[in-house]
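# A look at the structure
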Amino acid sequence: MVAIGALAGCATVASPLREHLESPAPSVRACGSWYAALDQAIDAAAVRDAQEARIAGFPYLRANRLLSALKERAADSESAVQALAVRLAALDHAARIAEIGNLPEADVAGLPELVVSGSRAEALSRTRDCARLLKEIDMAKPHVRRMLLERARVPDDYSSGLRLAGLYFLTRIPFASGVRRWEDEMKAVFARAEDDTRRPAVRYAPPPAPRPAGPPGRPLVPAAENPLGMPEPQADDLADLIAAHAPSFEIEIGGDHDRFGELRWLRERDVPAVDASRHVVYAQASHTLYRGRVLLQLVYTLWFPERPPREPGDLLAGTLDAVMWRVTLSPQGEPLIYDTIHACGCFHMFFPTARARALAAPDRLEEWAFVPQQLPRVSAGERPLVRIASGTHYVERVALVRGTDSVARYQLRDYDELRSLMRLDGGSRSAFRPDGMIAGTERAERYWFWPMGVRSAGAMRQWGRHATAFVGRRHFDDADLFERRFEFDLR
């Protein structure tokens, strides 16, 4: 019935999916109907994954900001656009793993053409096969390739409507003053003598590297030999890089709110909980563009149970908090710059090494690139030691350490696990809603900060959904984030 309904309404379906639904070839028509039924079930069950943007008419592809920025490069040759389509399909496949995994059993059983009713493995296999078939058909047509390049965009995470209603052009002025006050406070914290920060803290080191470390750039050079020039290390090489560049964390412990851990669902809970008995840091790879070069980035996220109120009526307090730490690597595998945000997109700070130089802001009001500390060049075998404050979980200092610097260790886990977490009462569920936020983590600041265009300011967000400035427009995963703000020495 779902497929029939999709066919009946295909006049409202974007091409090329419309043509697939009307195709004289039964296999193509069946794949179009499969995607129509699958997407209807996903939306009805509210298990849509928001990490990447869907592309109208291409239900087997999704885009992120980096791949969207590579569209011009992809337009230069058929091999490049084919390479782009392969990576867009990989993003969709990762999202489908989560979405199909999170569908209730009854909804999986209701999908058409499954031989084994309720089989998620079969549903995922069917999705993969249909993606391969439709992509092969679509990418063979020049006009469809052009259509894809036009549509592979990621929506802005700012609301222009909210900014218009909030008289942003005027209200940004007092907001900019508030941002500068916070920056001045943090500068004072970083300027303190190191002995002044020696409040009780626990240091956590990453696990040992899974394999003996080789030359830092070894996996990056051949990994970038593709039409898009994207460094994409093999799984084992990527695991080595993630382990080699993982930071140590020195965390002030003022209460249970400072004990980070595994994010999981508890029985009859509508907000994920932090299991501090398992010290877990979630890791992932990303990329950025710098003067035509695609650079590899590694991102590490640790979750805390809450940000407690510092005083009655604290606008920033609420359930769950997370610190995200990122390193951007040179083509040779050496750290160029580190930066950090909280999972709300707030408190963006940059820590350039000697191979990076900050550029001037084009607008004195805009949140551009707050640099509270410059780091020296990072030698092989060194890693950052990130000092995190109690309660606020602000990063307050960064040092470089070498070797095993702590008995306490954390586990490294794949960030994608958060897209489909097992529930104790059966099934699985994403930590994030279809809008990319975590329900129940809303902050009172949203009632005051909405004129800046950030929806539900302060709420915890999924990767790819982080607006990081109230004044100006800036996303944590903007492809040109570093190119516009820093000059790198790539020699």
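None of the values given here were measured: they were computed from a predicted structure.

## Focus: unusual backbone geometry
- Cis rather than trans, the peptide bond between serine 15 and proline 16 has omega equal to 5°.
- The topology assignment puts proline 16 in the loop between helix 1 (2–8) and helix 2 (17–21).
- Of note in this structure, glutamate 113 is not a glycine but carries a positive phi near 70°.
- Tracing the sequence through the fold places glutamate 113 in the loop between helix 7 (105–109) and helix 8 (120–138).

## Describing the pattern of salt bridges
- Under the counting rule described, the total for this entry stands at 41 salt bridges.
- Between aspartate 363 and arginine 172 there is a salt bridge, and its shortest N-O distance comes to 3.6 Å. Taken together, the residues span a long stretch of sequence, with aspartate 363 in the loop between strand 12 (356–358) and strand 13 (382–388) and arginine 172 in helix 11 (residues 168–191) at a distance of 191 residues.
- For aspartate 363, a relative accessible area of 28% corresponds to the partly exposed category.
- By relative accessible area, arginine 172 is classed as buried at 14%.
- Arginine 377 is the salt-bridge partner of glutamate 334, the closest N and O atoms lying 2.6 Å from each other. Highlighted residues: glutamate 334 in the loop between strand 9 (318–329) and strand 10 (335–342) and arginine 377 in the loop between strand 12 and strand 13, separated in sequence by 43 residues.
- For glutamate 334, a relative accessible area of 14% translates into the label buried.
- Put simply, Asp39, Asp43, Arg48, Arg54, Arg62, Asp92, Arg96 and Glu99 are held in one network by salt bridges that share partners.

## Considerations on the layout of surface pockets
- Looking at the largest pocket, its volume works out to about 940 Å³.
- What lines the largest pocket is a set of 32 residues, among which Leu91, Ala285, Ser286, His287 and Asp416 lie closest to the centre.
- Of all the secondary structure elements, the ones that give two or more residues to the lining of the largest pocket are helix 4 (65–69), helix 6 (78–102), helix 13 (235–245), strand 7 (280–290), strand 8 (293–307) and strand 15 (411–414).
- Among the residues making up the lining of the largest pocket, the classes are represented as 17 nonpolar, 6 polar and 9 charged.

## Brief notes about the packing of aromatic side chains
- A complete count under the given rule lists 20 aromatic pairs for this structure.
- Plain terms: the ring middles of tryptophan 325 and phenylalanine 351 are 5.7 Å apart, the flat faces sit at 35° to each other, and that makes the pair tilted. Note that tryptophan 325 is positioned in strand 9 and phenylalanine 351 in strand 11 (residues 349–352), a separation of 26 residues in sequence. For the residue pair tryptophan 325 and phenylalanine 351, the accessibility class agrees, reading buried in each case.
- An aromatic cluster of at least three residues, connected via ring pairs, comprises Tyr290, Phe350, Phe482, Phe486 and Phe488.
- The ring of phenylalanine 476 carries the charged tip of arginine 326 above its face, separated from the ring centre by 3.6 Å.
- Its guanidinium or amino end placed over the ring of tryptophan 368, arginine 485 lies 4.1 Å from that ring's centre, counting from NZ or CZ.

## Focus: the state of the cysteines
- Under the criterion given, the structure shown has 2 disulfides.
- The disulfide partner of cysteine 344 is cysteine 346, and the gap between their sulfur atoms is 2.3 Å.
- Of the residues examined, cysteine 346 reaches a relative accessible area of 10% and is grouped as buried.
- With its bonded cysteines labelled in order along the sequence, the chain shows the pairing 1-2, 3-4.

## Some remarks on the sheet that holds strand 14 (residues 395–402)
- Across the sheet, which stays open at both edges, the 4 strands sit in the order 3-4-13-14 with mixed pairing between neighbours. The sheet is open, and its two borders are formed by strand 3 (201–204) and strand 14, each paired with just one other strand. Put simply, the sheet's adjacent strands are angled 20° from each other on average, direction ignored.
- Looking at chain direction, strand 13 and strand 14 are connected through 7 bridges and run antiparallel. Residue pairing for strand 14: arginine 383 is matched across the bridge by valine 401.

## Observations concerning the environment of threonine 319
- Positionally, threonine 319 belongs in strand 9.
- With 178 residues separating them in the primary sequence, threonine 319 and lysine 141 have C-alpha atoms 50 Å apart.
- Sequence-distant contacts of threonine 319, that is, excluding residues within four places in its chain, are made with Val271, Pro305, Glu306, Gly440, Thr441 and Arg443.

## As for the sheet that holds strand 7
- Strand order in the open sheet made by the 6 strands is 11-10-9-8-7-15, with mixed pairing throughout. The two strands at the open ends of the sheet, each matched to only one other strand, are strand 11 and strand 15. If you compare each strand with its neighbour and ignore which way they point, the axes differ by 30° on average.

## What to know about the pairing of strand 7
- Among the 11 residues of strand 7, 10 are classified as buried, and the element is accordingly described as predominantly covered.
- Bridge count for strand 7 against strand 15 is 4 bridges, and the pairing is parallel. Along strand 15, the bridge assignment pairs valine 280 with glutamine 411.
- In terms of strand pairing, strand 7 meets strand 8 through 9 bridges, oriented antiparallel. The partner of leucine 289 across the bridge, within strand 8, is valine 294.

## Some details on empty space enclosed by the protein
- Using the criterion set out here, one finds 2 cavities of 30 Å³ or more in the structure.
- Counted as a void, the largest cavity has a volume near 70 Å³.
- In this structure, the largest cavity is lined by Arg307, Leu316, Asp321, His342, Cys344, Cys346, Phe347, Arg443, Glu445, Gly458 and Met460.
- Split by residue class, the lining of the largest cavity holds 5 nonpolar, 2 polar and 4 charged.
- The volume enclosed by the second largest cavity comes to roughly 60 Å³.
- Gln51, Glu52, Ala53, Ala63, Asn64, Arg65, Val154, Trp463, Gly464, Arg465 and Asp477 together form the lining of the second largest cavity.
- Here the lining of the second largest cavity is built from residues that sort into 4 nonpolar, 3 polar and 4 charged.

Reading the values: the criteria
Residues numbered from 1 in each chain as written. Predicted model: local features only at pLDDT ≥ 70, side-chain atom pairs only at ≥ 80, totals over all residues. Heavy atoms only, no water. Helix = DSSP H or I, 4+ residues; strand = E, 2+ residues; numbered from the N terminus. Salt bridge = Lys/Arg side-chain N within 4 Å of Asp/Glu carboxyl O. Buried < 20%, exposed > 50% of the residue type's maximum accessible area, 1.4 Å probe, protein only. 1 Å grid on protein atoms, 1.4 Å probe; cavity = no way out; pocket = protein on both sides within 12 Å on 5 of 7 lines; lining within 4 Å. Points joined across faces, edges and corners; volume = space filled by probe spheres on them. Nonpolar A, V, L, I, M, F, W, Y, C, P; charged D, E, K, R; others polar. Phe/Tyr/Trp six-rings, centres within 6.5 Å; stacked < 30°, edge-to-face > 60°. Lys NZ or Arg CZ within 6 Å of the ring centre and 35° of its normal. Disulfide = S-S within 2.5 Å. Pairing = 2+ DSSP bridges. Axes fitted to C-alpha atoms, helices over the stretch in contact; angles between N-to-C directions. Contact = heavy atoms within 4.5 Å.

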